[in-house]
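Listed here are the chains, written in short residue letters.
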Amino acid sequence: MGTIKERDLSFVFSLLNEHWTRIRSLYMYIDCDVSKSNCPWHRLGQPNQYLEFFDVYFRGCPPQSLSAPRFLLFSDRAPSLLKFHHHNLHFTLQAAWLCHIRLLKMEDLTAPFTASELIEAFTRMPLLEVLDVYIPESPLENNPNLLPYPNLPRLTEFRLSGALSACLTILEHITPAPGCAVFMTSRNYEVYGNIPGIELANMRRILFQCAEYHFDNYCTTEILVELREMLSFSRVGHSMQYKTRFPHYVPIEFDLSIICSPGVPPPFIPVFLDSLPLHKFANIATLTLDVPTVRGFQPSNPIFIQFLLSFNAVEVLKTSPKTLKFLSEVPKDTPLFFPLLRTIKIVDMANIQRRYNELHIMPFLILREAAGIPIEVFDLTKWVCPGMGNFGYLEDMTGLKVVWRVWLDKNGEKSEVREYVCGSGMPQRLAL
């Protein structure tokens, strides 16, 4: 039904009163105050054998009848329920209908569950495919070593947010399906530097296990690593996000994104990089790398250099001009990294003024040429010209093949890939 205003309540009431037992999918955002309204919200506490999808969110406090200690959602009888979005309604993790849930989202909880309670409950949800939970800043009630290790063989999307220690504990205990996408966001640490060293060590260990689990199940040939700052309009605390995307339909790919609010100290970046199983990278042929914008993180960082040196088989680098500039600033005494690299694909040109392209791109190309392994292909085909700028400065890189894409019609429906070999005497062709 979508967003419900006060003027819509009479329709909602009649619908619930007359048709509750026939409803198969219920989505409502109650955008008005119903905290003192009792009838007929009690219908949500009655059985529904057909209900498959449930997502009801009250903008303010839920009606008093739904908050009473005796209230039992669906009277614990919803045998067809597959997808459940929980916001601020009272329910229990012992509910019988949770055993056949496929999608469970628990956000903005007014009475949130602890990590221990959630881990115990997941042992009773073997059919979960999508899991999205918020865990507040709360101590574990049990010794993490005494908690069960739920096996969720169908879980393909796993999102965690909240307290860092609680997120890591859940991440460590759950075994998802190979290829599961993992998204973890930790927010509102007052001072990241106050996190104990042992917790940083746990972070590295648990994230390492998570990543290694993927590589143990797939012969991965493509990896994405993204380190960047996101714009933040909040002055309260910080946020950091760890994202690994293991698409079950493309098992050759592994993605790691570390997205930090401005102000997160640089030591956190090496912790994340150190969580990657570098010894598993022997077959990585394509690397997507974006590492130019985290303030305080330097190309001389020894863990970053170790990361670069682990890619001995990379032939294709998908990147941005800023990242190429960053790579060109790695200390000169660093052993040659990416020894098989022959193709650069520019996949991100955001926030770059065209006149600065040369300053960002040329230093890396010159370094490769000086090392005796010049780049052979410079690929700009992600965008369709015109408007990309003048790349005529590449003319000096004799033998470099530049490829780009142009429109063939005014409607933008057909395009064509064109190429130019630098040193051919017609640099004007690179005015794209």
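Quick caveat, the model's predicted, so the values are computed rather than measured.

*Asks:* Give a description of the nonpolar core that names residues and reports values.
*Replies:* Core analysis: the largest hydrophobic core is formed by 66 residues, its most contacted members being Trp-41, Phe-54 and Trp-97. Counting residues per element, this core draws most heavily on helix 4 (residues 164-173), at six residues. Membership of the second largest hydrophobic core comes to 50 residues, among which are Phe-215, Leu-365, Val-406 and Cys-422.

*Asks:* Talk me through the packing of helix 3 (residues 115-122) against helix 4; I want residue IDs and the actual numbers.
*Replies:* Angle between the axes and distance between the axes are the two parameters that describe a pair of packed helices. Across the interface, helix 3 lies against helix 4 with an axial gap of 10 Å and an inter-helix angle of 20°. Judged by the angle between their axes, helix 3 and helix 4 are roughly parallel. In the crossing of helix 3 with helix 4, the sense of the turn from one axis to the other is right-handed. Within the contact between the two elements, helix 3 uses Ala-115, Leu-118, Ile-119 and Phe-122 and helix 4 uses Ala-166, Thr-169, Ile-170 and His-173. Looking at the contact of helix 3 with helix 4 residue by residue, the class counts come to six nonpolar, two polar and no charged.

*Asks:* So what about the pattern of salt bridges? Which residues, and what values?
*Replies:* Side-chain pairs of opposite charge can arise where the charged atoms are in close proximity. Throughout the structure, instances matching the rule amount to eleven salt bridges. We note a salt bridge from Asp-274 to Arg-204, for which the minimum N-O separation is 3.4 Å. With a gap of 70 residues between them, Asp-274 in the loop between helix 6 (268-273) and strand 12 (286-290) and Arg-204 in helix 5 (residues 197-217) connect regions that are remote in the sequence. Ionic pairing is found between Lys-401 and Glu-419, a salt bridge with its closest N-O pair at 4.0 Å. With Lys-401 in strand 16 (residues 401-407) and Glu-419 in strand 17 (residues 415-421), this residue pair connects regions lying 18 residues apart in the sequence.

*Asks:* Any chance you could break down the environment of Glu-416 for me, citing the residues and the numbers?
*Replies:* Relative to the helices and strands, Glu-416 resides in strand 17. By relative accessible area, Glu-416 is classed as partly exposed at 33%. For the pair Glu-416 and Thr-381, spaced 35 residues apart in sequence, the C-alpha to C-alpha distance is 9.4 Å. Side chain to side chain, Glu-416 and Arg-418 meet in a polar contact 3.0 Å long.

*Asks:* Kindly report on the confidence of the model for the protein chain, identifying the contributing residues and their values.
*Replies:* Do not read the fine detail of predicted coordinates wherever pLDDT is low. Summarising the model, the protein chain shows a mean pLDDT of 81, and 80% of its residues fall at 70 or more. Mean pLDDT across the elements of the protein chain ranges from a minimum in strand 10 (residues 239-245), with 47, to a maximum in strand 14 (residues 343-346), with 95. Contacts from residues 230-242, a stretch scored under 50 in pLDDT, to residues over four places away or in other chains number 51 contacts.

*Asks:* Requested: an account of the pairing of strand 14, with residues and values cited.
*Replies:* Every regular strand shows the same layout, with side chains that alternate between the two sheet faces. Across four bridges, strand 13 (residues 316-319) lies against strand 14 in parallel orientation. Residue Lys-318 lies in a different strand from strand 14, and its bridge partner there is Lys-345. You can see the chain leave strand 13, run along helix 8 (residues 321-328) and come back into strand 14, and the turn it takes is right-handed.

*Asks:* Break down the side chain of Ser-320 for me, with residues and values.
*Replies:* With respect to the helices and strands, Ser-320 occurs in the loop between strand 13 and helix 8. Side chain to side chain, Ser-320 and Thr-323 meet in a polar contact 3.0 Å long.

*Asks:* Explain the pairing of strand 6 (residues 130-135) residue by residue, including any values.
*Replies:* Burial runs high along strand 6: five of the six residues are buried. Relative to strand 6, strand 5 (residues 103-106) is paired through four bridges, and the arrangement is parallel. The residue bridging Met-106 from the neighbouring strand is Val-133, located in strand 6.

*Asks:* How would you sum up the packing of helix 8 against helix 9 (residues 357-370)? Please name residues and give values.
*Replies:* The interhelical angle for the contact between helix 8 and helix 9, taken along N-to-C directions, is 45°, at an axis separation of 8 Å. Between helix 8 and helix 9, the angle is such that the two are oblique. In the crossing of helix 8 with helix 9, the sense of the turn from one axis to the other is left-handed. In this structure, helix 8 contributes Pro-321, Lys-322, Leu-324, Lys-325, Leu-327 and Ser-328 to the contact, and helix 9 contributes Asn-357, Leu-359, His-360, Ile-361, Pro-363, Phe-364 and Leu-367. Classifying every residue of the contact of helix 8 with helix 9 by side-chain character gives eight nonpolar, three polar and two charged.

The rules behind these values
- Residues numbered from 1 in each chain as written.
- Predicted model: local features only at pLDDT ≥ 70, side-chain atom pairs only at ≥ 80, totals over all residues.
- Heavy atoms only, no water.
- Core = buried A, V, L, I, M, F, W, Y, C linked by side-chain atoms within 4.5 Å.
- Buried < 20%, exposed > 50% of the residue type's maximum accessible area, 1.4 Å probe, protein only.
- Helix = DSSP H or I, 4+ residues; strand = E, 2+ residues; numbered from the N terminus.
- Axes fitted to C-alpha atoms, helices over the stretch in contact; angles between N-to-C directions.
- Parallel < 35°, antiparallel > 145°, perpendicular 65-115°, else oblique.
- Left-handed = near helix turned anticlockwise from the far one by under 90°.
- Contact = heavy atoms within 4.5 Å.
- Nonpolar A, V, L, I, M, F, W, Y, C, P; charged D, E, K, R; others polar.
- Salt bridge = Lys/Arg side-chain N within 4 Å of Asp/Glu carboxyl O.
- Polar contact = N/O pair within 3.5 Å; in protein donor to acceptor, adjacent residues only side chain to side chain.
- pLDDT = per-residue confidence, 0-100.
- Pairing = 2+ DSSP bridges.
- Right-handed = clockwise from strand over helix to strand, strands pointing away.

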